[in-house]
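This is what each chain is made of:
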Amino acid sequence: MFVKAGAAVLLPEIPELEGAAMADLVRRARTRAVGRKLVQALQRYTKYAKLLGGDIRDNPGPGNIKAGLYNVFLKSSGVKAKGGTSIVEDLLDYGEWLGDRKGLYVQYTPGYDQICTPAIFLGGAQILLFTTGLGTGIGSAMGPVIKISSNSQLARHNEDIDLDAGTIIEKQETIEDVAQRIFREVLDVASGRKYTRAETSGIHHEFKLWESLWPAV
């Protein structure tokens, strides 16, 4: 929806592309050269993690594992779902400026939320959409973060959730219905008509840039 409306969309978190998500993104790449760049990005990240004693298969955090995502391949299936259906235009490096380019871009970032989030704003984004199933506390000092819950129970009990997408699982709304709500929410926040919960809470000012001295997966 955003791409069709003429926007640019950034899909970050390279370690979580291992598996189904990478296969899908390569299939949708604008050119074979872009597809090769995506595969090489995953290989580069794997090498980076190993060099510093890490492993991208360590990506699922304790919260992920508790919720049933016990390996990176299951997380990859979720990323595939969040990656939409648009053509992948290119790969952006961490901190690379998008400029006036439009369409869907994969962004070279760790999976760790606090390091990934600044990269999206550094790339030129105005809004960040953050999906959560357990209520991860996050905002950003660099821009507004719209938090979307994957289940309605979380939305009912967590005060910093902006949108409840659990209505899809409960069969109260379709994916298209929720997509329309997300689209309108982004327009309201981007235009200044509305603040996100992370902003109004007054406590979410997280900011962490990527360091090269330790592996972040």
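See above for the structure.
A.B. asks: Sorry if this is basic, but what is going on with the pattern of salt bridges here?
C.D. replies: It is possible for side chains bearing opposite charge to pair when their charged atoms get close. Summed over all chains, the structure comprises 10 salt bridges. A salt bridge links D24 to R28, with the nearest nitrogen and oxygen atoms 2.9 Å apart. Of the two residues, D24 and R28, neither departs from the other in class, the shared state being buried. The closest approach of N and O atoms between D93 and R44, which form a salt bridge, is 3.3 Å. Highlighted residues: D93 in the loop between β2 (88–92) and β3 (103–107) and R44 in helix α2 (residues 32–51), separated in sequence by 49 residues. Linked through salt bridges whose partners overlap, the residues forming this network are D24, R27 and R28.

A.B. asks: Mind showing me how you'd approach unusual backbone geometry here?
C.D. replies: A negative phi holds for most residues other than glycine; trans holds for most peptide bonds. The phi dihedral of E13 is positive, around 75°, even though this residue is not glycine. By relative accessible area, E13 is classed as buried at 13%.

A.B. asks: Would you mind going over the sheet that holds strand β4 (residues 128–132) with me for this structure?
C.D. replies: The strands that make up a sheet are held in pairs by hydrogen bonds between backbone atoms, and each pair lies either parallel or antiparallel. Strand order in the open sheet formed by 3 strands is β4-β5-β6, with parallel pairing between adjacent strands. Unpaired on one side and paired on the other, β4 and β6 (163–164) mark the two borders of the sheet. As paired strands, β4 and strand β5 (residues 145–149) are joined by 5 bridges and run parallel to one another. Bridging across to β5, L129 finds its partner in I146.

A.B. asks: Help me understand the environment of P144, please; the structure alone is not making it clear to me.
C.D. replies: Residue position: P144 is located in the loop between β4 and β5. Residues P144 and L128 lie 16 residues apart in sequence; the distance between their C-alpha atoms is 6.4 Å.

Parameters at a glance
Residues numbered from 1 in each chain as written. Predicted model: local features only at pLDDT ≥ 70, side-chain atom pairs only at ≥ 80, totals over all residues. Heavy atoms only, no water. Salt bridge = Lys/Arg side-chain N within 4 Å of Asp/Glu carboxyl O. Buried < 20%, exposed > 50% of the residue type's maximum accessible area, 1.4 Å probe, protein only. Helix = DSSP H or I, 4+ residues; strand = E, 2+ residues; numbered from the N terminus. Pairing = 2+ DSSP bridges.

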